[in-house]
Amino acid sequence: MPANAQLLPQAADAAVAAWRAVRARVAVAALAAGRDPSTVTLLAVSKTFDATAVWPVVQAGQAALGENYVQEGVDKIQALQALGAPVQWHCIGPIQSNKAKLVAQHFDWVQSVDRLKIAQRLSQLRPQAMAPLQVCVQVNLDASPTKAGVVPSEATALAEQVAALPGLRLRGLMCIPDPQPTPEARRAGFARAAALFAQWQQRGWPVDTLSMGMSDDLEDAIACGATMVRVGSAIFGRRAVPEPGLR
Ligand SMILES: *Cc1c(COP(=O)(O)O)cnc(C)c1O
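Keep in mind that what you see is a predicted model, and the values were worked out from it rather than measured.

Enquirer: Tell me what's going on with the packing of helix α2 (residues 51-59) against helix α3 (residues 70-82), and back it up with residues and numbers.
Expert: Put simply, α2 and α3 touch, their axes get as near as 10 Å, and they point 55° apart. Relative to α3, the element α2 is oriented oblique. Handedness of the α2/α3 crossing: right-handed. Along the contact surface, α2 presents Ala51, Val54, Trp55 and Val58, while α3 presents Lys76, Ala79 and Leu80. By residue class, the composition of the contact of α2 with α3 is 6 nonpolar, no polar and 1 charged.

Enquirer: Could you give an account of unusual backbone geometry, with specific residues and numbers?
Expert: The phi dihedral of Thr48 is positive, around 75°, even though this residue is not glycine. Among the secondary structure elements, Thr48 is positioned in the loop between β1 (41-45) and α2.

Enquirer: Could you give an account of the environment of Asp50, with specific residues and numbers?
Expert: Relative to the helices and strands, Asp50 resides in the loop between β1 and α2. Assessed through its relative accessible area of 45%, Asp50 is described here as partly exposed. In the structure, Asp50 is positioned 23 residues away from Gly73 in sequence and 9.4 Å away in space, judged by C-alpha atoms.

Enquirer: Could you give an account of the confidence of the model for the protein, naming the residues involved and the relevant values?
Expert: In regions of low pLDDT, the predicted coordinates are not meant to be interpreted in detail. The pLDDT averaged across the protein works out to 93; a share of 93% of its residues lies at or above 70. Below a pLDDT of 50 lies the segment residues 3-7, which in the model reaches 2 contacts outside its immediate sequence neighbourhood of four places, other chains included.

Enquirer: Would you mind going over the site of the ligand in detail, with residue names and values included?
Expert: What surrounds the ligand is a group of 14 residues, the closest being Lys47, Asn68, Ser215, Ser233 and Arg239. The separation between an oxygen atom of the ligand and a polar side-chain atom of Ser215 is 2.5 Å. Taking Arg239, its side chain carries an N or O atom lying 2.8 Å from an oxygen atom of the ligand. Protein contacts shield 97% of the accessible area of the ligand, which totals 390 Å² for the unbound molecule. When its residues are assigned to classes, the shell around the ligand shows 6 nonpolar, 4 polar and 4 charged.

Enquirer: Describe the side chain of Lys147, with residues and values.
Expert: Within the element layout of this structure, Lys147 appears in the loop between β5 (133-139) and α6 (152-163). The residues touching Lys147, leaving out its near neighbours within four places in the chain, are Asn140, Asp142, Ile176, Pro177 and Asp178.

Enquirer: Let's hear about the pattern of salt bridges: which residues, and what values?
Expert: Scanning the entire structure with this criterion turns up 11 salt bridges. Lys76 is the salt-bridge partner of Glu72, the closest N and O atoms lying 2.8 Å from each other. Pair noted here: Glu72 and Lys76 are both in helix α3, with a separation of 4 residues, about one helical turn. Residue Glu72 is classed as partly exposed on the basis of its relative accessible area, which comes to 23%. Taking the relative accessible area as the measure of exposure, Lys76 reaches 4% and is therefore buried. The closest approach of N and O atoms between Asp208 and Arg171, which form a salt bridge, is 2.9 Å. Separated by 37 residues along the polypeptide, Asp208 in the loop between α7 (183-202) and β7 (209-211) and Arg171 in strand β6 (residues 168-175) bring together distant segments of the chain. A relative accessible area of 36% means that Asp208 is categorised as partly exposed. Owing to a relative accessible area of 14%, Arg171 belongs among the buried residues under this scheme. Through salt bridges with shared partners, a single network forms among Asp142, Lys147, Asp178 and Arg192.

Enquirer: Would you mind going over α6 in detail, with residue names and values included?
Expert: With 12 residues, α6 should cover 16 Å at 1.5 Å per step; its first-to-last C-alpha distance of 17 Å lies within 8% of that length. Listed in full, the buried residues belonging to α6 are Ala155, Thr156, Leu158, Ala159 and Val162. The inward-facing, buried residues of α6 abut β4 (109-113), α5 (116-125), β5, β6 and α7.

What counts, and at which threshold
Residues numbered from 1 in each chain as written. Predicted model: local features only at pLDDT ≥ 70, side-chain atom pairs only at ≥ 80, totals over all residues. Heavy atoms only, no water. Axes fitted to C-alpha atoms, helices over the stretch in contact; angles between N-to-C directions. Helix = DSSP H or I, 4+ residues; strand = E, 2+ residues; numbered from the N terminus. Parallel < 35°, antiparallel > 145°, perpendicular 65-115°, else oblique. Left-handed = near helix turned anticlockwise from the far one by under 90°. Contact = heavy atoms within 4.5 Å. Nonpolar A, V, L, I, M, F, W, Y, C, P; charged D, E, K, R; others polar. Buried < 20%, exposed > 50% of the residue type's maximum accessible area, 1.4 Å probe, protein only. pLDDT = per-residue confidence, 0-100. Near = heavy atom within 4 Å. Polar contact = N/O pair within 3.5 Å; in protein donor to acceptor, adjacent residues only side chain to side chain. Areas by Shrake-Rupley, 256 points an atom, 1.4 Å probe, with all protein chains shown as cover. Salt bridge = Lys/Arg side-chain N within 4 Å of Asp/Glu carboxyl O. Expected span 1.5 Å × (residues − 1).

Structure, rendered in structure tokens:
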């Protein structure tokens, strides 16, 4: 237990209560879409929150955590491993080449693969003793010049190259659509991602992960077939740190 954990019982209770509420939202959305709630995985996005804040949610049963910033993520992985917490760690932020080694050595998943060069480096640098890195190709659905991700027209070719790398295992597609004012517009974006994902499955690729939906739009994403939603602020609260490049 981190030394200062007992100073924060209310914050810890609040995070666990919020986590339970998000789990309920996920289940309700799945049922509303005629889906089994167990087909949607909740990834808790813990970026900017330290191990002390994250620990109660892990203890309550949250199994998978997402991190955007590599060094911050590695520090947290080591802190929680020291506490014996069995967490699956997902890197969901942009990866610079010089951070690829840290990612390959510490994370279980990378959802933000958007170019071949980084995929090759991750594959090369993945330690032999570890399972292959589980990978999603991040697709820039709206082809926004300022956003991460491969444009849809190049996504399938990249996914095919990623699938051939020995240190990686292609699991599916991740996207962060531009914010939209209406549920209809949100669902139209998610539906385009789902159609691309379905094409990959129709090719016979063993992909099972359609990672889309965040705190504000997880219901729409689940209605469109998301198998994983990535939720941060609805669990841990508002982040104090600005986020260049997310939206
Ligand atoms: C921060 C982040 C999230 C979570 O966003 P919230 O709106 O806080 O739920 C999900 N996915 C990615 C890639 C992120 O960077």
